[in-house]
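# Topology and contacts: notes
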Amino acid sequence: MRDQAILELFYSSGLRLAELAALDLGDLQHSRVRVMGKGGKPRQVPVGRRAQQALTEWLGCRSALAPMTEQALFVGQRGQRLGHRAIQKRLAQLSVARGLPEHLHPHRLRHSFASHLLESSQDLRAVQELLGHANLSTTQIYTRLDWQHLATSYDAAHPRAKRGPNDPTNSPRSKP
């Protein structure tokens, strides 16, 4: 249950490995999570329905592993916070158990989060905020856009993209 909650939260919220590993119980709210990003910048990101469900299931059995004084959201068998390497190892084990052809890395889930969100929303600035990037150019690197998608966006947005040569608005006299 814990590993499924980790997987769902990575993909649902686009968290970095360090951000997920550092989460405490108090950082988790009903439909969002508060994380401390790079450079100590706090941000809040949404938690999707499936991740919420997986977290609820995990929290139902977490108390059997962790003492009341442990604030870490994700703990191991000894009741202590899971470290970066332990989280990476759990994801690798999940990928093998589910028959995935490749290793499942935390950053791949973050990349998928960004790519899928951008494909559906087309809002690069929103994705930038959710990922906690200071520069838009960093977000552009994380998100893969195929040329067909870009061409469709261009055709939909550019005023002269679809106009033929006989369209009067394409004549040199109609240019501003």
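Named according to an unreviewed UniProt entry, the chain is Tyr recombinase domain-containing protein originating from Vreelandella olivaria.

### What about the packing of aromatic side chains?
The final tally for this structure, using the stated rule, is 1 aromatic pair. With 6.4 Å between their ring centres and 20° between their planes, Trp58 and Phe74 make a pair best called stacked. Here Trp58, found in helix 3 (residues 49-62), pairs with Phe74, found in the loop between helix 3 and helix 4 (84-97); they are 16 residues apart in sequence, far enough to count as distant. Each member of the pair, Trp58 as well as Phe74, carries the same accessibility label: buried.

### Notes on the pairing of strand 2 (residues 42-46)
Regular strands place side chains that alternate from one sheet face to the opposite one. Judged by which residues are buried, strand 2 turns out to be one-sided: Arg43 and Val45 face inward and are buried, whereas Pro42, Gln44 and Pro46, on the alternate face, are not. Count of turn residues in the strand 1 (residues 32-36)/strand 2 antiparallel hairpin: 5 residues, of which Gly39 carries a positive phi of about 75°.

### A look at the pattern of salt bridges
For the structure on display, the rule yields 6 salt bridges. Notably, a salt bridge pairs Asp27 with Arg34, separated by 3.3 Å at the nearest N-O pair. Residue Asp27 is classed as buried on the basis of its relative accessible area of 16%. The partly exposed category is assigned to Arg34, whose relative accessible area is 35%. Linking Glu102 and Arg108 is a salt bridge whose minimum nitrogen-to-oxygen distance equals 2.3 Å. By relative accessible area, Glu102 is classed as partly exposed at 46%. The network of salt bridges with common partners includes Arg16, Glu19 and Arg43.

### Comments concerning helix 4
For helix 4, spanning 14 residues, the distance from its first C-alpha to its last is 20 Å, which sits close to the expected 20 Å at 1.5 Å a residue. Looking at helix 4, one finds that the buried residues are Ile87, Arg90, Leu91, Ala92, Leu94 and Ser95. Gly99 sits one or two residues past helix 4 and shows a positive phi near 70°.

Cut-offs applied
- Residues numbered from 1 in each chain as written.
- Predicted model: local features only at pLDDT ≥ 70, side-chain atom pairs only at ≥ 80, totals over all residues.
- Heavy atoms only, no water.
- Phe/Tyr/Trp six-rings, centres within 6.5 Å; stacked < 30°, edge-to-face > 60°.
- Helix = DSSP H or I, 4+ residues; strand = E, 2+ residues; numbered from the N terminus.
- Buried < 20%, exposed > 50% of the residue type's maximum accessible area, 1.4 Å probe, protein only.
- Pairing = 2+ DSSP bridges.
- Salt bridge = Lys/Arg side-chain N within 4 Å of Asp/Glu carboxyl O.
- Expected span 1.5 Å × (residues − 1).

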